[in-house]
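Descriptive structure summary
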Amino acid sequence: MRSITKIDLQYAHRFYKFQGEAQYLHGHTGLLTIEVEDSIEPGVNMVYPCNEIQKIAWDVLKNFDHALILREDDPLLPAILAVYEKQGIKNGAPSNKMKGEAFKTELATAYPDCRLVVTKETMTVEGMIKIVYSLLKDKLNIAKLTFTSGVNAASQEYQPVGTIDRCPLCGVTMVNGVCPKCGYKRK
Ligand SMILES: [Zn+2]
Ligand SMILES: [Zn+2]
């Protein structure tokens with residue numbers, strides 16, 4: 001069975017060199033749907049608590065919220081960093097509090113201090129699904145990701161392998177036989 005949750009992301013981007021309006025800087029509310037597949041954990045009668053899927057995903061995906069997402073070869077990148085530097089906000093600002101954990105993968109690098117994500121490929125809805133999967137695949141049994149942004153939408157199905165050992169009292173992933181949330185120990 002599947003547990004399904006949704007996350008909103010507000011961001012700015014552009015498709016550098018794309019022959020259409022999207023080559024100009026613009027913004028969206030993107031909607032990500034995460035479907036997690038596993039057995040039902042009998043203690044909680046759930047595959048996985050949806051608010052916990054949201055927490056795991058949000059920890060890293062908040063890097064994309066109220067962020068600018070640019071491809072690594074986009075000349076806007078040095079131009080914007082120069083403005084942020086001059087304004088004194090490149091390395092953070094007191095109001096920039098909702099920061100995700102910095103990450104660097106083959107597909108994207110997050111700079112939470114200046115709310116910027118630099119991508120290897122153009123950040124289309126398809127590109128975002130590839131990035132999200134690479135960030136979450138080791139934390140969740142992802143069966144499907146769907147991302148919509150304006151009129152664009154894409155989805156990809158995956159074949160989850162194995163099952164995650166979950167706490168029978170709160171449903172979250174057990175770490176070495178102990179629940180990190182409620183302290184339950186597997187006998
Ligand atoms: Zn767009
Ligand atoms: Zn627990």
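Throughout what follows, the structure given in this document is the object of discussion. These numbers come from a predicted model, not from an experiment. (Residues numbered from 1 in each chain as written. Chains lettered and ligands numbered in written order. Predicted model: local features only at pLDDT ≥ 70, side-chain atom pairs only at ≥ 80, totals over all residues.)

For the chain, the helix and strand inventory stands at three helices and seven strands. Its helices and strands taken in sequence order, the chain reads β-β-α-β-α-β-β-α-β-β from the N to the C terminus. A principal-axis box enclosing the C-alpha atoms of the chain has dimensions of 60 × 35 × 25 Å. Here the chain holds 187 residues, and the buried ones make up 27% of them. Relative to all contacts within the chain whose residues are 6 or more apart in sequence, the contacts with residues 24 or more apart total 56%. (Helix = DSSP H or I, 4+ residues; strand = E, 2+ residues; numbered from the N terminus. Buried ≥ 20, exposed ≤ 12 C-beta atoms within 10 Å, placed from the backbone. Contact = placed C-beta atoms within 7 Å.)

I34, V36, F64, I69 and V132 are the most contacted members of the largest nonpolar core, which has 28 residues in total. Broken down by secondary-structure element, the contributors of at least two residues to this core are β1 (2-13), β2 (26-37), α1 (50-61), β3 (67-71), β4 (108-111), α3 (125-136) and β6 (142-149). It is α3 that provides the largest number of residues to this core, a total of five residues. (Core = buried A, V, L, I, M, F, W, Y, C linked by C-beta atoms within 7 Å.)

For the rest of this paragraph, the subject is the sheet that holds strand β7 (residues 152-157). The seven strands lie next to each other as β4-β5-β3-β1-β2-β6-β7, forming an open sheet whose pairing is mixed. On the outer flanks of this sheet lie β4 and β7, each paired with one strand and no other. Sheet twist, expressed as the average angle between the axes of neighbouring strands with direction ignored, equals 25°. In terms of strand pairing, β1 meets β2 through twelve bridges, oriented antiparallel. Each residue of the ladder has a partner; that of D8, found in β2, is L31. Docked against the sheet, α1 engages β1 and β2, running at close to 25° with respect to β1. (Pairing = 2+ DSSP bridges. Axes fitted to C-alpha atoms, helices over the stretch in contact; angles between N-to-C directions.)

Taking 1.5 Å as the rise per residue, α1 with twelve residues should run 16 Å; its terminal C-alpha atoms sit 16 Å apart, in good agreement. Regarding α1, the residues found buried are E52, I53, A57 and L61. Seen along its axis, α1 keeps its buried residues to an arc of 160°; they face one direction. Opposite the packed face of α1, turned more than 90 degrees from it, sit the exposed residues N51 and K55. Along its buried surface, α1 packs onto β1, β2 and α3. (Expected span 1.5 Å × (residues − 1). Arc of directions from axis to C-beta.)

In short, the description is geometric, and any link to function would need to be established separately.
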